[in-house]
Each structure stands twice: as C-alpha cells, then as structure tokens.
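As a plain string of letters, each chain reads:
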Amino acid sequence: MKTYKIAVIPGDGTGPEVVAEGLKVLQAVSQKRQFKYETVHFDFGGKRYLRTKEVLPDSAIPELKKFDAMFLGAIGHPDVKPGILEKGILLRLRFDLDQYINLRPIQLFDERFCPLKNKKPEDIDFVVVRENSEGLYKGMGEFQDKGTAGEVAIQISYNTRKGVERCLRYAFEYTKKYGKKKQLTLCGKTNVLTFAWDLWERTFHELAKEYPDVKTSYTHVDATTMWFVKNPEWFDVIVTDNMFGDIITDLGAMLQGGMGIAAGGNINPQGVSMFEPIGGSAPKYTGQKVINPLAAICAMGMLLRQIGETAAAESIEDSVKTVVKTKLKDLAAGKMGYSTTEVGDLVVKNL
Ligand code: IPM
Ligand code: MG
C-alpha cells in the first residue's frame, strides 16, 4: 500500500488553526478508508520571514517536488508589508511548481447562507478554472520617470499560446469528465483587451472542435459578475485568466456563503498540487478559535480527490454538507455556534 507524502504549510494568522482541523479530518478519514500518509510541516510565512529575513529558502522548491500533495493554511502577516509574502511564498510556489491551474468550486450547501434571494443549492453549483501562471500575475512591466509628474507605470498581461492552451485543455477535460451540464464558458474581455483575448478565444474555438460533447459559450468578465448575481444557475464550468479568475472567485465565494467555506486547488496535473482555503490569514481572529475551518477541510477533500482517494474525498464533502445543513448557525467567523475545533469534530463525527 502506498504511503502518501503530504507537505503541510500552516502559514500565518488563523492558518495553523484551520490546518489542524483539516489534518484532524484527514487522520479520521484515512482510518475509515484505509489509506496511509505521512506529513512534513514547513514553517514558511510571516513569522519565519521576520526572524530570518528569508521568504522562501532555495531548497524549498526541489524539496516540495518530492511530495504527493501540499496543504496550505494562509500567508500574510500584519507586520510585513503587503506583497512580500504573497509574492515571495504563495505566488512563487504556484509559479515554480508550475501549478498552472487554480481550481475553485463554487457550491452552495444550504440556502440559508446565500446572500442572493431565492437561490437554492441546485442554483449555485459551478467551478471556475483560473489560469494560475501567467497574465498580469507574471509581474511584467516597468516604471518610466518614477516620481515625476510625467510618470508612467506599465503592467503587462503576458499570455503564451502554450499557457493558454494547457489551461483551456484542462478546462475542456474537466467539463467533459465532471461538468453537470457539459457546458464550458470562456470568461474574458474580447471587446477591449484585443491581444490577450484574441489568443484565448481563437485557442478556445480550436480546442472546442476536439470536444464535440462539450457545449461552449462566452461572456465578458463584467457581464459574468452580473450573471453571478442574477442567474448563477446558468454556469457549469468557467475558464478564465489569472486576474479575472482572482476577482470572480471572491464573488463566487460570497455566493456559496463566504470565505469560511471557499476552497481551491493550485494544480499541476503532472506534478505536485497545493490545496488551500482561499480566505486570508485573518489576523484579528488569530488564536480565538472562532474561524471557520470548513474551507480548509474542503481543501483537504480536494487534495484527496487529486491524489486519487475519491471515496475519502466524497465522504468529507458529504460530511461537510451535513454539518453545514444541520449544525451551523452561520458560516462566518465567531457566528457558527461552535468553535473552530468543535466544527472539525463535527465533520469527523459525520464522516
Ligand atoms: C488568491 C489570493 C492571491 C491571489 C493573493 C493573496 C496573492 O487573492 O489566492 O486569490 O491574488 O491569487
Ligand atoms: Mg484572490
């Protein structure tokens, strides 16, 4: 029997608290479903940076490549200037491990927690496939005449045929395999960003020919945010670039009940993938045991699905659904009616 190797990066703020619950659920589900794993903890994050002045040691990337999967809590520290840890840890891991897909399921488990009127769990159930290695996140650009009245700041969206195609192909394959309606929507901005979205659209139509069973559609990103609120039931799988994906998935997270439940996977289909709750490190809730661990627990479910432990993943998903529906008063921090650890215990009990 294989022993999975899982790298754990609890990170900053409430990260360690929610990671502990994810690991608690992993421990329980591994016994139920009879698989073996071992974990190795890494202390990357704000505290380590403040102590050592090093964001990520050079040894980290080759070391992490030896794992079957990674589980991340949160990165971000109030005493560190915004951007340093995000770029130096989170984005660096995504880029250097070539986790070129950011997969973000948007699923409402209980209509009590949806901010939209009259929307039910069957209306909010879609997935965003966000490109995770290029676009504006590539960090290309420059200042010209910085600090002068004539200053220019240029920020480039970098899109390669290879990068666009591999993301679209993943989205087509995902839709074919898991899409409830077998419908893939490209979310872009072809009417204004005529270089980037020309490439995306052309490649999308070319690939569509290889997937006759997948229905395709296109929406501009601004209209997408409108449909998210007006008719979220229209969507099945959405594919988009890095920046648009970042923006629309925060809106998506709110539709499913907030950051307390929103999970995502940074996926390298040929390498090591990293799973995380998509909310931040929530410094003001740190140490209070009030943060909702369900996003991290759902991320653990995604991790298990990725490494092939499908039954374990499903039992976590079912348990989370039950706990949300039958126990929690609210999904927001401090309002759940239970502490962080109690919510983890409830998930374990309902596995
Ligand atoms: C996310 C976050 C990150 C991003 C930040 C923290 C760099 O917002 O995972 O969506 O922009 O990708
Ligand atoms: Mg974001």
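Our subject is the structure listed above.
Residues numbered from 1 in each chain as written. Chains lettered and ligands numbered in written order. Predicted model: local features only at pLDDT ≥ 70, side-chain atom pairs only at ≥ 80, totals over all residues. Heavy atoms only, no water.

Peer 1: Before we go on, may I ask you to explain the packing of helix H7 (residues 221–230) against helix H8 (residues 242–255) in this structure?
Peer 2: If you want to describe how two helices pack, look at the angle between their axes and the distance between the axes. Here H7 crosses H8 at 5°, and the two axes come no closer than 10 Å. Between H7 and H8, the angle is such that the two are roughly parallel. Facing Val221, Thr224, Thr225 and Phe228 of H7, the residues of H8 in contact are Phe244, Ile248, Leu251, Gly252 and Leu255. Counted by class, the contact of H7 with H8 contains six nonpolar, three polar and no charged residues. (Axes fitted to C-alpha atoms, helices over the stretch in contact; angles between N-to-C directions. Helix = DSSP H or I, 4+ residues; strand = E, 2+ residues; numbered from the N terminus. Parallel < 35°, antiparallel > 145°, perpendicular 65-115°, else oblique. Contact = heavy atoms within 4.5 Å. Nonpolar A, V, L, I, M, F, W, Y, C, P; charged D, E, K, R; others polar.)

Peer 1: Teacher, can you tell me more about the layout of surface pockets here?
Peer 2: The gaps of empty space that remain are located by a probe, the size of a water molecule, rolled over the atoms. Its boundaries defined by the atoms lining it, the largest pocket holds a volume of some 950 Å³. Listed by contribution, the elements that provide at least two residues to the lining of the largest pocket are strand S4 (101–107), strand S5 (125–131), helix H5 (161–178), strand S11 (263–267), helix H9 (294–306) and helix H10 (310–326). Tallied by class, the residues present in the lining of the largest pocket amount to 17 nonpolar, six polar and 10 charged. Mapped onto the domain boundaries, the lining of the largest pocket takes at least three residues apiece from domain 1 (1–101 + 268–351) and domain 2 (125–255). Along its surface, the second largest pocket is lined by 18 residues, and Glu86, Leu90, Arg94, Asp246 and Ile278 are the ones closest to its centre. Contributing elements (two or more residues each) for the lining of the second largest pocket: strand S3 (69–74), helix H4 (84–96), H8 and strand S12 (273–277). (1 Å grid on protein atoms, 1.4 Å probe; cavity = no way out; pocket = protein on both sides within 12 Å on 5 of 7 lines; lining within 4 Å. Points joined across faces, edges and corners; volume = space filled by probe spheres on them. Domains from an automatic or database assignment.)

Peer 1: Would you mind showing me how to read the pairing of strand S8 (residues 183–188) here?
Peer 2: Two faces make up the sheet, and in a regular strand the side chains alternate between them. Burial within S8 is extensive, with six of its six residues counted as buried. What you see with S8 is no split at all: Gln183, Thr185 and Cys187 on one side and Leu184, Leu186 and Gly188 on the other are buried throughout. Pairing of S8 with strand S9 (residues 215–220) involves six bridges; the strand directions are parallel. Within S9, the position partnered with Gln183 by the bridge is Lys215. The handedness of the S8 to S9 crossover, carried by helix H6 (residues 196–208), is right-handed. Looking at chain direction, S8 and strand S10 (residues 237–240) are connected through four bridges and run parallel. (Buried < 20%, exposed > 50% of the residue type's maximum accessible area, 1.4 Å probe, protein only. Pairing = 2+ DSSP bridges. Right-handed = clockwise from strand over helix to strand, strands pointing away.)

Peer 1: I keep staring at the environment of Arg94 and nothing clicks. Help me out?
Peer 2: Inspection of the secondary structure puts Arg94 in helix H4. For the pair Arg94 and Ile267, spaced 173 residues apart in the sequence, the C-alpha separation amounts to 8.4 Å. Aside from chain neighbours lying at most four places away, what touches Arg94 is Gln99, Asn102, Arg104, Arg130, Asn132, Asn266, Met274 and Glu276.

Peer 1: Just to check I follow, could you spell out the packing of helix H1 (residues 15–33) against H9 for this structure?
Peer 2: Taken N-terminus to C-terminus, the directions of H1 and H9 make an angle of 45°; their axes are 8 Å apart at the nearest point. Accordingly, the angle class assigned to the pair H1 and H9 is oblique. Considering only the axes of H1 and H9, their crossing is right-handed. Across the interface between the two elements, Val18, Glu21, Gly22, Leu23, Val25, Leu26 and Val29 of H1 pack against Ala296, Ile297, Met300 and Leu304 of H9. Along the lines of polarity and charge, the residues of the contact of H1 with H9 split into nine nonpolar, one polar and one charged. (Left-handed = near helix turned anticlockwise from the far one by under 90°.)

Peer 1: Just checking my understanding: could you explain the site of ligand 1 for this structure?
Peer 2: Taken together, the neighbourhood of ligand 1 is formed by Glu86, Leu90, Arg94, Arg104, Arg130, Tyr137 and Asp246. Between ligand 1 and Arg104, the relevant distance is 2.8 Å, taken from an oxygen atom to a side-chain nitrogen or oxygen of the residue. Among the elements that line the shell around ligand 1, the one with the most residues is H4, at three residues. Grouping the amino acids of the shell around ligand 1 by side-chain chemistry returns two nonpolar, no polar and five charged. (Near = heavy atom within 4 Å. Polar contact = N/O pair within 3.5 Å; in protein donor to acceptor, adjacent residues only side chain to side chain.)

Purely spatial values, then, with no claim about function.
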